[in-house]
Each structure stands twice: as structure tokens, then as C-alpha cells.
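Structure at a glance
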Amino acid sequence: MSNSYPTLKSMGISSTENIEKFTLRYENSQDVLKVYYRREKGSLLPKSKKFKFGRSTKTVLADGGQQTYRQVQEPSLIVVRALEELEQIVGKQKEEKITREELINELEHLEKVMQNKISEIKHKINALK
């Protein structure tokens with residue numbers, strides 16, 4: 001591996017030549033980066049690795065005239081650098097024809113995330129009683 005991917009190397013990704021694609025999503029207040037690899041049939045190596053990154057929160061001036069502040073979340077600098085390196089390796093992700101199965105999987109994942117969030121909010125409401 002060349003030294004041109006220091007962030008990926010620090011994350012434990014050593015075989016950059018086998019990276020096929022990657023995804024990034026936001027889940028449970030974290031950025032979730034998943035890196036997929038090309039593997040030979042029967043390979044015992046994992047087909048993907050998942051990394052979770054917390055977000056930093058900072059307070060910014062929301063309205064200059066009102067002195068109103070709000071909190072904003074920013075992605076980790078590590079995930080930003082990792083995305084830049086991954087894009088160098090696989091290029092910008094191209095829009096492909098989406099299959100029915102992919103849409104169903106995406107919908108099921110969204111349902112799970114929403115159900116977790118609803119449960120979290122209900123727990124907070126019950127804690128206030």
C-alpha cells in the first residue's frame with residue numbers, strides 16, 4: 001500500500017487495491033462508513049468493514065442581529081479524510097439502476113432506524129413523568 005492513503009491505513013485498511021465501493025450513512029447520532037471489498041469466491045476474508053464515527057457539536061451564532069445561538073453537528077475530520085481517500089480509489093460513486101431488492105433493503109433499514117429513534121424518544125418521555 002502506498003503512503004497516499006494515511007487515514008485509511010490508520011483505520012486498519014491495508015488492501016486498498018481490493019476496495020470495490022463504500023457507503024456512508026447517518027445512524028444513531030453517528031456517521032457509519034462501510035467499505036466493501038472484491039473477494040474471490042470461497043475467500044475467508046470479510047466482504048466489508050464498518051466504521052462508526054461520532055460527530056462533534058459546536059455552538060454557532062444563528063442570527064447575527066438577535067444574538068441567537070444554535071448547536072450544529074459536524075462530521076469527524078477522520079471520516080471526511082477517509083471519504084476523500086476512498087473517492088480517489090474508487091472514484092465518485094455513480095448512480096446505478098436501483099433494483100427492487102435494493103429498495104426493499106433500504107426501506108427495511110430505514111424502518112429499523114426509525115423504530116429505534118421512536119423507542120428512544122418514548123423512553124425519554126417516560127423518564128420525564
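Residues numbered from 1 in each chain as written. Predicted model: local features only at pLDDT ≥ 70, side-chain atom pairs only at ≥ 80, totals over all residues. Heavy atoms only, no water.

**Focus: the overall build of the protein chain**
Each helix and strand counted, the protein chain has 3 helices and 5 strands in total. For the protein chain, the sequential pattern of α-helices and β-strands runs α-β-β-β-β-β-α-α. Expected size for 129 residues packed as a compact globule is a radius of gyration near 14 Å; at 19 Å, the protein chain overshoots this value by more than 25%. C-alpha atoms of the protein chain, sized along the principal axes, occupy 55 × 35 × 30 Å. (Helix = DSSP H or I, 4+ residues; strand = E, 2+ residues; numbered from the N terminus. Rg over C-alpha atoms; globule rule 2.2 N^0.38 Å.)

**Side note on the pattern of salt bridges**
Taken as a whole and judged by the stated rule, the model has 4 salt bridges. Note that Arg 25 is salt-bridged to Glu 27, the shortest N-O span being 2.9 Å. Residue Glu 27 is classed as buried on the basis of its relative accessible area of 16%. The partner of Arg 55 in a salt bridge is Asp 31, and the shortest N-O contact between them spans 2.9 Å. Of this pair, Arg 55 sits in the loop between strand S3 (48–54) and strand S4 (56–63) while Asp 31 sits in strand S2 (residues 30–37), and the two are 24 residues apart along the sequence. A relative accessible area of 29% means that Arg 55 is categorised as partly exposed. Here the salt bridges share partners, and the residues they tie into one network are Lys 117, Glu 120 and Lys 124. (Salt bridge = Lys/Arg side-chain N within 4 Å of Asp/Glu carboxyl O. Buried < 20%, exposed > 50% of the residue type's maximum accessible area, 1.4 Å probe, protein only.)

**Looking at the sheet that holds S2**
Sheet strands associate in pairs through backbone hydrogen bonding, adopting either a parallel or an antiparallel arrangement. The 3 strands are arranged S1-S2-S3 in an open sheet whose pairing can be described as antiparallel. Strand pairing shows two members of the sheet lacking a second neighbour, strand S1 (19–27) and S3, which therefore form its edges. If you compare each strand with its neighbour and ignore which way they point, the axes differ by 15° on average. Examined bridge by bridge, S2 and S3 share 7 bridges and lie antiparallel to one another. For Val 32, the partnering residue across the bridge sits in S3 and is Lys 52. Lying on the sheet, helix H2 (residues 77–90) is in contact with S1, S2 and S3; it crosses S1 at an angle near 150°. (Pairing = 2+ DSSP bridges. Axes fitted to C-alpha atoms, helices over the stretch in contact; angles between N-to-C directions. Contact = heavy atoms within 4.5 Å.)

**A word on the side chain of Ser 15**
Mapped onto the fold, Ser 15 is located in the loop between helix H1 (6–10) and S1. If we skip the residues at most four places from it in the chain, Ser 15 touches Tyr 37 and Arg 39.

**Remarks on the nonpolar core**
Membership of the largest hydrophobic core comes to 15 residues, with the highest contact counts inside it found for Leu 8, Met 11, Ile 13, Leu 33, Val 35, Phe 51 and Leu 86. Sorting elements by how many residues they give to this core places H2 first, with 4 residues. (Core = buried A, V, L, I, M, F, W, Y, C linked by side-chain atoms within 4.5 Å.)

**Things to note about the confidence of the model for the protein chain**
Detailed reading of the predicted model is not advised wherever pLDDT is low. Scored by pLDDT, the protein chain has a mean of 84; 91% of the residues are at 70 or more. Mean pLDDT across the secondary structure elements of the protein chain bottoms out at S4, with 76, and peaks at H1, with 93. (pLDDT = per-residue confidence, 0-100.)

**Thoughts on unusual backbone geometry**
Not every positive phi belongs to a glycine, and Asn 28 is a case in point at roughly 50°. Along the polypeptide, Asn 28 turns up in the loop between S1 and S2. Even without being glycine, Ser 29 reaches a positive phi, approximately 65°. Tracing the chain through its elements places Ser 29 in the loop between S1 and S2.

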